[in-house]
Amino acid sequence: MIEVKNLVKKFGDFTAVNGITLEIKKGEIFGLLGPNGAGKSTTINMLLGLMKPTSGSVYVNGVDMQKDPNKGKENLGVVTQETVVEPELTAEQNLSIFGRLYHVPKDELEKKIGFLLDLADLKAFAKSYAGTFSGGMKRRLETVKALVHDPDILFLDEPTTGLDIQNRTKVWALLRQINKERNVTILMTTQYLEEADQMCNRIGIIDHGKLIALGTPAELRQKTGLNTIIEVSADRDDLAKIAQAFKKMGLDPEIASNKVVASVKNDPVGTMEKLIKAVNATKVKIQSVSMHEPTIDDVFLKLTGSEVRDETGSYAGRPMVMGRR
Ligand SMILES: Nc1ncnc2c1ncn2[C@@H]1O[C@H](COP(=O)(O)OP(=O)(O)OP(=O)(O)O)[C@@H](O)[C@H]1O
Ligand SMILES: [Mg+2]
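A. Representation of the overall build of the chain. Within the chain, the regular secondary structure consists of 11 helices and 16 strands. C-alpha extents for the chain along the principal axes are approximately 75 × 45 × 35 Å. Looking at the chain as a whole, 44% of its 325 residues qualify as buried. Summarising the internal contacts of the chain: among those between residues at least 6 apart in sequence, 68% fall at separations of at least 24.

B. Expanded view of the site of ligand 1. Taken together, 13 residues surround ligand 1, and among them Phe-11, Ala-16, Lys-40, Ser-41 and Thr-42 come closest. Elements represented by at least two residues in the shell around ligand 1 include exactly β2 (14-24) and α1 (40-47). Considering every element that reaches the shell around ligand 1, the biggest residue donor is α1, with three residues. Class assignment for the residues of the shell around ligand 1 results in four nonpolar, eight polar and one charged.

C. Structural view of the sheet that holds strand β12 (residues 254-255). Strand order across the open sheet formed by four strands is β12-β13-β11-β14, with antiparallel pairing between neighbours. In the strand order of this sheet, the two ends are held by β12 and β14 (286-292), each with one partner. Bridge analysis of strand β11 (residues 228-234) against β14 gives six bridges, and the strand direction is antiparallel. In the strand pairing of β14, Glu-231 is matched with Ser-290.

D. Representation of the sheet that holds strand β1 (residues 2-11). The strand order across the open sheet formed by four strands is β2-β1-β4-β5, and the pairing between neighbours is antiparallel. In this open sheet, the two strands that pair with only one neighbour each are β2 and β5 (63-64). Where strand β4 (residues 55-60) and β5 come together, two bridges link them in antiparallel fashion. Bridged to Tyr-59 within β5 is Asp-64. Lying over the sheet, α1 contacts β1, β2 and β4, oriented at roughly 120° with respect to β1.

E. Highlighting the environment of Val-58. Along the chain, Val-58 turns up in strand β4. What makes Val-58 buried here is the crowd of 22 C-beta atoms within 10 Å. Excluding residues within four positions of it along the chain, Val-58 makes contact with Val-4, Leu-7, Met-46, Leu-47, Met-65 and Gln-66.

F. Representation of the pairing of strand β10 (residues 210-215) within the structure. Sheet topology places strand β9 (residues 202-207) next to β10; five bridges connect them, and they run antiparallel. Looking across to β10, one finds that Ile-203 is bridged to Gly-215. Following β9, the chain reverses through two residues before pairing antiparallel with β10; His-208 in that reversal takes a positive phi of roughly 50°.

G. Focus on the domain arrangement of the chain. Here the chain is partitioned into domain 1 (2-215) and domain 2 (222-322). Using only C-alpha atoms to locate each centre, domain 1 and domain 2 end up separated by 35 Å.

H. A look at the packing of helix α3 (residues 91-101) against helix α4 (residues 106-119). α4 packs onto α3 with a crossing angle of 130° between their chain directions and a minimal axis gap of 10 Å. The pairing of α3 with α4 is recorded here as oblique in orientation. Between α3 and α4 lies a crossing of right-handed hand. In this structure, α3 uses Ala-91, Glu-92, Leu-95, Ser-96 and Gly-99 to contact α4, whose residues at the interface are Leu-109, Lys-112, Ile-113, Leu-116 and Leu-117. The class makeup of the residues in the contact of α3 with α4 is six nonpolar, two polar and two charged.

I. Region of the structure containing helix α11 (residues 296-304). Most of α11 is tucked away, with eight of its nine residues classed as buried. Among the residues of α11, those classed as buried are Ile-296, Asp-297, Asp-298, Val-299, Phe-300, Leu-301, Lys-302 and Thr-304. Of the residues trailing α11, Gly-305 is marked for its positive phi of about 75°.

J. Main features of the nonpolar core. Counting residues in hydrophobic clusters, the biggest one holds 82 residues, and the most contacted among them are Leu-47, Leu-116, Leu-141, Leu-154, Phe-155, Ile-186 and Ala-196. Mapped onto the domain boundaries, this core takes at least three residues apiece from domain 1 (2-215) and domain 2 (222-322). In this view, Ala-196 contacts Gly-31, Leu-33, Thr-190, Ile-203 and Ile-296; residues no more than four positions away in its chain are not counted.

K. Region of interest: the pairing of β9. Two strands pair when backbone bridges link them, and strand β3 (residues 29-33) and β9 are joined in this way by four bridges, in the parallel orientation. Following the sheet pairing, Leu-32 is matched in β9 by Gly-204.

L. View of the environment of Thr-80. With respect to the helices and strands, Thr-80 occurs in the loop between β6 (76-79) and α3. Taking the C-alpha atoms as reference, Thr-80 lies 8.0 Å from Phe-155; in sequence the two are 75 residues apart.

The rules behind each value
- Numbers given to residues run from 1 along each chain, matching the order in which its sequence is written.
- Starting at A for chains and at 1 for ligands, labels are handed out in the order in which the entities are written.
- Only residues with pLDDT of at least 70 are given local features in this predicted model, and only at 80 or more are side-chain atom pairs given and counted; all residues enter the totals for whole chains, interfaces and linings.
- Here a strand is any run of E in DSSP of at least two residues, a helix any run of H or I of at least four, and the numbering for each starts at the N terminus.
- Here the C-beta atoms are placed from the backbone, and a residue counts as buried if at least 20 other C-beta atoms lie within 10 Å of its own, exposed if 12 or fewer do, and partly exposed otherwise.
- We call two residues in contact if the C-beta atoms placed from their backbones are at most 7 Å apart.
- Being near a molecule or strand means, for a residue, that its backbone-placed C-beta atom lies within 6 Å of it.
- Amino acids are sorted into nonpolar (Ala, Val, Leu, Ile, Met, Phe, Trp, Tyr, Cys and Pro), charged (Asp, Glu, Lys and Arg) and polar (every other residue, Gly among them).
- The pairing criterion is simple: DSSP has to find at least two bridges between the two strands.
- Helix axes are fitted only over the stretch in contact, all axes being lines through C-alpha atoms; the angle between N-to-C directions runs from 0 to 180 degrees.
- Each domain's extent was defined by an automatic or database domain assignment.
- Roughly parallel means an angle under 35 degrees; roughly antiparallel, over 145; roughly perpendicular, 65 to 115; everything else is oblique.
- In this scheme, a crossing is called left-handed if the near helix is turned counterclockwise away from the far one by less than a right angle; it is called right-handed if the turn is clockwise.
- By our criterion, buried Ala, Val, Leu, Ile, Met, Phe, Trp, Tyr and Cys residues that link up through C-beta atoms within 7 Å make up a nonpolar core.

Next up, the structure:
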């Protein structure tokens, strides 16, 4: 459905997208996961034919997006990174204008608007001005707006960034439903690890314009060779000492902003006990220890050496966002 070959975008001397190749099949939910500035929007914009690649090719449904972007777009729904609902129009009017733009027949459009408002959980707000909506409501309205012409493919650039968990969950449910019931292929970008893990059949991890990993969440965990993950968190100043203790036990630790993390193949519980003793012996104050199966956060940390943190900067809460050291 979507075929991207050796896609490159340079802005002067700076290479924002550096040779991305990927294929997305019908019915997939594919997630392009990467931190701020990784090149997600630049990639999406080239896929949409909105931006000319420096080199490489993009085919969507067999259409060359450089040669015939308008034809390619007939079959696409797009939700851009910036919110673009019309604040002076009601929810219903936002959808109806867009439908007319796409020449959706009038009688069909009315039914469709009802269905879409229902899908977005906005039926009660059909006649309210979009300008009065919360961020989550606007995002949901935009998402269903992109579906007004029944596209086979939906592109979403960070559909849930900045939303609280309730709204994020609503957007996820909406996307799952259209994927399942209408077999809409979805390509979304995200900086939320949890979102990629839960929502996407396959994930491409993008960092500095390069696709550094590609596969199902399970494949990514497997490919990185991670086993049970042990984490010890402490004051930033103490992390080097803790990492030393990990190394003495033959582990290969990664240091994030407030924790040391390593993958343990054999006897994780026994290793954990010994590790706590070893760390205690260094007189360092441990804030918490934990053991879990590898998550996409761990995969990202392993691949990039970049830390993973949530919006508040603490590790305890959700949702998680990637950050840089
Ligand atoms: N028009 C432009 N001119 C120059 N540099 C640009 C331009 N557009 C993007 N860039 C740079 O290219 C890099 C990738 O940007 P892009 O917007 O694709 O990242 P992103 O992954 O979408 O990030 P975010 O999560 O912040 O949206 C960034 O370093 C950005 O500053
Ligand atoms: Mg972006």
